[in-house]
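What the coordinates show
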Amino acid sequence: MVTVAPLHPWAYALRLPRDPRAVRVARMTVRAALDGHGRQDAVDVVELLTSELVTNAYLHTKGPASLRLTGLGGGRVRVGVWDSDPYVPAPFCGAGDDSILLAPLGSGSGRGLRLVQEYADSWGGWALGDGALGRGAGKLLWFEVGGRATLPLLLK
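A short tour of the structure in this document, coming up. Just so you know, these numbers come straight off a predicted model, no measurement behind them.

Taken as a whole, this structure holds eight salt bridges when the rule is applied. In this structure, the salt-bridge partner of Asp19 is Arg21, at a minimum N-O distance of 2.6 Å. Here Asp19 falls in the buried class, since its relative accessible area comes to 17%. Its relative accessible area of 60% is what places Arg21 among the exposed residues. Between Asp41 and Arg39 there is a salt bridge; the shortest N-O distance is 3.1 Å. Shared partners join several salt bridges into a network, and the residues in it are Arg31, Asp44 and Glu47.

Shown next, in the form of structure tokens:
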């Protein structure tokens, strides 16, 4: 089977309920979309980083989230995750030092945003202003990976 690169970018959007199973659904969706567009080379990185952002949306908010996966020119893929919390964490806020501290040894969490920093080619985030009744409208965090995104081999 031959996959022909589209002339225009492609995009998929998915609304995710506040449900722990939403992380798995997001991973499956990303994998299916990238496989369908012949981007198996990017699946591992994009799936991992998407999982981290959607997990954070689930853990740190009380509402739904949204995922948008976009294929761009030059073999780039961009993922955006919206959630209802307006707080934009480092390294996404772009204020001051973009690096984040490593999680302490033995910690069961706290490595997700560091993974984005290590494996994405670029990333960013925006607070989305005021929503109805003076409530924040949340934030959008995004990352982009280039043509041949791969994870390093892990040694046991």
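Next up on the list: empty space enclosed by the protein. Tallied over the full model, the rule gives one cavity of 30 Å³ or more. Here the largest cavity defines a volume of roughly 50 Å³. As for the largest cavity, its lining consists of Leu16, Pro17, Arg18, Asp19, Ala22, Val54, Ala57, Tyr58, Gly63, Pro64 and Ala65. For the lining of the largest cavity, the element with the most residues is helix H2 (residues 43–60), which contributes three residues. Split into classes, the residues belonging to the lining of the largest cavity amount to eight nonpolar, one polar and two charged.

Calculation criteria
Once a new chain begins, its residue numbering starts again from 1 and follows that chain's sequence as written. Only residues with pLDDT of at least 70 are given local features in this predicted model, and only at 80 or more are side-chain atom pairs given and counted; all residues enter the totals for whole chains, interfaces and linings. The side-chain numbers reported here are obtained from all heavy atoms of the structure, hydrogens and water having been left aside. Think of a salt bridge as a Lys or Arg side-chain nitrogen and an Asp or Glu carboxyl oxygen that are within 4 Å of each other. Using a 1.4 Å probe on the protein chains alone, a residue whose accessible area is under 20% of its type maximum counts as buried, one over 50% counts as exposed, and one in between counts as partly exposed. We place a 1 Å grid over just the protein atoms. Points where a 1.4 Å probe fits but has no way out form a cavity, open points with protein on both sides within 12 Å along at least 5 of 7 lines form a pocket, and any residue with an atom within 4 Å of a point lines it. Grid points are joined across faces, edges and corners, and a volume is the space filled by probe spheres set on the points. Here a helix means four or more residues in a row that DSSP labels H or I, a strand means two or more in a row labelled E, and each is numbered from the N terminus. Under the scheme applied here, ten amino acids are nonpolar (Ala, Val, Leu, Ile, Met, Phe, Trp, Tyr, Cys and Pro), four are charged (Asp, Glu, Lys and Arg), and all others, including Gly, are polar.

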